Amino acid sequence: MNQSADFRNIADFLADVWEILLKDLRLELRKKYEIYSIIIFALLSNLSFAFALGPSNPNVLKFIPAVLWMSILFIGMLGFTTVFIREMDKGSLDGLRLAPISPQAILIGKTLYTFILMSVGAVFIVPSSMIILNYIFNSDVLLVVMVLILGIFNLAIVGAIVSALAMYSESRALIIPAVSLPLIPGTLIPSVLATGKLATGASLEMILPEIQLNLGFLLLMSAVLWVTFEYVLYD
Amino acid sequence: MKGQYSSAIILAANVLALYMIFIWAPPERSLGDSYRVFFLHTSSAWVSYLAFAITFISSILYLRTGNLRWDLYAASSSVLGILFSMITLITGSIWAKLAWGLYWNWDPRETATLILFLAYFGYISFRMAISDRDRRARISAVLGILAFISIPLSYFSAVFWATLHPMPLLPTARLRLGVEPPILLTLAVSTLGATLLFAWMFYLTLSTYRLIDNVEDSVGRG
């Protein structure tokens, strides 16, 4: 009996997460201005790095991890601003607070939305950088995808919480870099290192410490936010 | 009267610490007199970590109790933490130049302290951007917790990262200080002096914050 009640609770929770995610995606697909900005930013950043590094740079593989993650991070910064600040600006935050949805479900829904937004950017950044900067990853594609997914998801968690915090400040989007950048090195450094190793043909064993560190970041941030997010959302 | 006694004790401890650092402690075998900056560096590093730990604990206590006193503790200690971590970074750079030949070596502790400094600088900027007192206390408390727990993650990341970079430029023998009793005693007294100085500055900062809150209340009522 208890088990079925638990199962129902989990199913309700996941349905709430899905609703929040769907709401934000619908809103984004209606306007599309963020997606367009992200795609343009992805292409422009690759072009800028190509101009900076010069044509056919022999050391391109050394710079690739930094190029990719800096572009992904700045795409995130574009996306972070809207996650919660948009709710505040449009006056829909009170509706979100009054809805019979747990704050944790709201946070996870918003994190998944940020993750999808950043992943769309990464889908453009990675292949276009391979064409523009003329390089290939010398290791298993699945490993590259796994490192990208884990790193982007961690950045999305930071982005969602930072956006939730920043919506209360008077400087809004201006405060986002100041608040998020110090929280980011814990996941950015391992992601850059793992990508660098993969660019030169590393195996799963070789990037295991970085993966563990990123998983540790995910667990620790999730645990703290699970407990504290309620205080952020409700006045 | 009680306050005067404590001020006198703090002053005496710090004068004694300065005397021991610059006059009493013998020159170090390999680095000579230049190693004395190490005492200022270590004691300020200890105080900055203590200050940020107080901010972290006060943030948790604020969220649990909703008592604004804890928010004032968190704000006061974070301001002082920034000050002492800035001293740590400056003296650390001088120490690194003497010991390793470079001002900045990307040592994991050095990097983690820089991130800690930036995290709480962001925390203070964030506090200043929220005018409602209760809201500021609640939201800053969450950031105070997040900033503190991100430090070990940044430290371990920096450990991985640092292994990619060449570290010492001078022979490693120069990196080790001879742990002679006078050096240990000087370190203990300078750490005690810095901790007492922090306690006094914490009291002053707290009083200033309380005064600001009282003025804001009076203006609000008027």
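Residues numbered from 1 in each chain as written. Chains lettered and ligands numbered in written order. Predicted model: local features only at pLDDT ≥ 70, side-chain atom pairs only at ≥ 80, totals over all residues. Heavy atoms only, no water.

**Student:** Help me understand the overall build of chain A in this model?
**Tutor:** Each helix and strand counted, chain A has ten helices and zero strands in total. Its helices and strands taken in sequence order, chain A reads α-α-α-α-α-α-α-α-α-α from the N to the C terminus. For 235 residues, the compact-globule estimate of 2.2 N^0.38 gives 18 Å, and chain A sits close to it at 19 Å. The contacts of chain A with a sequence gap of at least 6 include a subset with a gap of at least 24, amounting to 85%. In the structure as shown, chain A presents an accessible area of about 10800 Å², 71% of it carried by carbon and sulfur atoms. Taking the average place of the 13 positive charges on the side chains of chain A and the average place of its 16 negative ones, the gap between the two points comes to 7 Å. (Helix = DSSP H or I, 4+ residues; strand = E, 2+ residues; numbered from the N terminus. Rg over C-alpha atoms; globule rule 2.2 N^0.38 Å. Contact = heavy atoms within 4.5 Å. Areas by Shrake-Rupley, 256 points an atom, 1.4 Å probe, with all protein chains shown as cover. Lys, Arg positive; Asp, Glu negative; His and termini not counted. Charge placed at Lys NZ, Arg CZ, Asp CG, Glu CD.)

**Student:** Explain the overall build of chain B to me, please; I cannot follow it from the model alone.
**Tutor:** The helix and strand inventory of chain B stands at six helices and zero strands. Scanning chain B from its N terminus toward the C terminus, one meets helices and strands in the order α-α-α-α-α-α. Relative to its 222 residues, chain B shows a buried fraction of 48%. (Buried < 20%, exposed > 50% of the residue type's maximum accessible area, 1.4 Å probe, protein only.)

**Student:** Whenever I open this one, the interface of chain B and chain A confuses me. Can you help?
**Tutor:** How big an interface is tends to be reported as the loss of accessible area on association of its parts. Taken together, the contact pairs 28 residues of chain B with 31 residues of chain A. The interface formed by chain B and chain A holds zero salt bridges in total. For the pair chain B and chain A, the interface holds four residue pairs in polar contact (both at pLDDT 80 or more). When residues in the side of chain B that touches chain A are grouped by element, the largest group, 17 residues, is from helix α5 (residues 133-162) of chain B. For the side of chain B that touches chain A, a count of residues per class yields 20 nonpolar, six polar and two charged. (Salt bridge = Lys/Arg side-chain N within 4 Å of Asp/Glu carboxyl O. Polar contact = N/O pair within 3.5 Å; in protein donor to acceptor, adjacent residues only side chain to side chain. Nonpolar A, V, L, I, M, F, W, Y, C, P; charged D, E, K, R; others polar.)

**Student:** Hey, could you run me through the pattern of salt bridges in this one?
**Tutor:** Between side chains of opposite charge, pairing is possible as soon as their charged atoms come close. Going through the model one piece at a time under the given rule, you end up with ten salt bridges over all chains. A salt bridge links D94 of chain A to R97 of chain A; the nearest nitrogen and oxygen atoms lie 3.1 Å apart. Of the two residues, D94 of chain A and R97 of chain A both sit in helix α5 (residues 93-98), three residues apart, roughly one turn of that helix. A relative accessible area of 45% places D94 of chain A in the partly exposed class. With relative accessibility at 17%, the residue R97 of chain A sits in the buried group. Residue D213 of chain B pairs with R133 of chain B through a salt bridge whose shortest N-O separation is 3.7 Å. A residue pair is termed long-range when its members are at least 10 positions apart, and D213 of chain B in helix α6 (residues 181-221) and R133 of chain B in helix α5 qualify at 80 residues. As far as the burial class goes, D213 of chain B and R133 of chain B line up, both buried. Beyond isolated ion pairs, a larger network of salt bridges with shared partners links K23, D24, E87 and K110 of chain A.

**Student:** Sorry if this is basic, but what is going on with unusual backbone geometry here?
**Tutor:** Outside of glycine, negative phi angles account for most residues, and trans bonds account for most peptide bonds. The phi angle at N134 of chain A is positive, at roughly 60 degrees, despite the residue not being glycine. Taking the relative accessible area as the measure of exposure, N134 of chain A reaches 59% and is therefore exposed.

**Student:** Explain a positive patch on the surface to me, please; I cannot follow it from the model alone.
**Tutor:** Residues and elements named next belong to chain A. A grouping of R26, R30, K31 and K90 is seen on the molecular surface, where their side chains present a positively charged patch. Ranked by residues supplied to the positive patch, first place goes to helix α1 (residues 2-31) with three residues. With respect to the helices and strands, R30 occurs in helix α1. Judged by its relative accessible area of 62%, R30 is exposed. (Patch = residues over 30% accessible without salt bridge, like charges linked within 9 Å, V, L, I, M, F, W, Y side chains within 5 Å.)

**Student:** Honestly, helix α9 (residues 185-199) of chain A in this entry has me stumped. Any pointers?
**Tutor:** Three or four residues apart is the spacing at which side chains of an α-helix point the same way, because the helix has 3.6 residues per turn. Residue and element names in this part refer to chain A. For α9, built from 15 residues, the straight-helix expectation of 21 Å at 1.5 Å per residue is met to within 8% by its first-to-last C-alpha distance of 21 Å. Most of α9 sits out of view: 13 of its 15 residues are buried. Phi turns positive one or two residues past the end of α9, at G201, with a value near 90 degrees. (Expected span 1.5 Å × (residues − 1).)

**Student:** In this structure, what is going on with the packing of helix α2 (residues 37-65) of chain B against helix α4 (residues 108-128) of chain B? I would like to understand it.
**Tutor:** In helix packing, the relevant descriptors are the interaxial angle and the interaxial distance, both defined with respect to the helix axes. Residues and elements named next belong to chain B. The N-to-C vectors of α2 and α4 enclose an angle of 45 degrees; their axes lie 12 Å apart at closest approach. Judged on the interaxial angle alone, α4 and α2 are oblique. Crossing handedness for the pair α2 and α4: left-handed. Facing Y49, F52 and T55 of α2, the residues of α4 in contact are R109, T113, L116, Y120 and Y123. Residue composition of the contact of α2 with α4, by class: five nonpolar, two polar and one charged. (Axes fitted to C-alpha atoms, helices over the stretch in contact; angles between N-to-C directions. Parallel < 35°, antiparallel > 145°, perpendicular 65-115°, else oblique. Left-handed = near helix turned anticlockwise from the far one by under 90°.)

**Student:** Could you clarify how one ought to interpret the packing of aromatic side chains in this entry?
**Tutor:** How two aromatic rings sit relative to each other is given by the distance of their centres and the angle of their planes. In the structure shown here, the tally under the stated rule is 15 aromatic pairs over all chains. A ring pair is formed by F115 of chain A and F153 of chain A, whose centres lie 5.5 Å apart and whose planes are at 65 degrees; its orientation type is edge-to-face. Placement of the pair is F115 of chain A in helix α6 (residues 103-132) and F153 of chain A in helix α7 (residues 141-166), with a sequence separation of 38 residues. On the basis of relative accessible area, F115 of chain A is assigned to the buried category, the value being 16%. According to the relative accessible area criterion, F153 of chain A is partly exposed, its value standing at 23%. Ring centres of F198 of chain B and F202 of chain B lie 5.9 Å apart, and the angle between their planes is 35 degrees; this geometry places the pair in the tilted category. (Phe/Tyr/Trp six-rings, centres within 6.5 Å; stacked < 30°, edge-to-face > 60°.)

**Student:** How should the nonpolar core be read in this particular structure?
**Tutor:** A general tendency of soluble globular proteins is for nonpolar side chains to be buried together. Residue and element names in this part refer to chain A. One finds I72, F137, L165 and V232 to be the most contacted residues of the largest nonpolar core, which totals 112 residues. For this core, the leading source of residues is α7, giving 16 residues. In this structure I72 touches M118, A122, I125, L148, I152 and L155, once residues within four positions along its chain are discounted. (Core = buried A, V, L, I, M, F, W, Y, C linked by side-chain atoms within 4.5 Å.)

**Student:** When you look at the confidence of the model for chain A in this model, what are you seeing that I'm missing?
**Tutor:** Any residue range with low pLDDT should be treated as having predicted coordinates unsuitable for detailed reading. When pLDDT is averaged across chain A, the result is 87; 99% of the residues are at 70 or more. The spread of mean pLDDT over the elements of chain A runs between helix α4 (residues 85-90) of chain A, the lowest at 80, and α7 of chain A, the highest at 93. (pLDDT = per-residue confidence, 0-100.)

**Student:** Which parts of the structure should I look at to understand the side chain of T228 of chain A?
**Tutor:** Within the element layout of this structure, T228 of chain A appears in helix α10 (residues 208-233). Judged by relative accessible area, which is 5%, T228 of chain A ranks as buried. Look past the residues within four positions of T228 of chain A in its chain and what remains in contact with it is L63, V142 and I145 of chain B.

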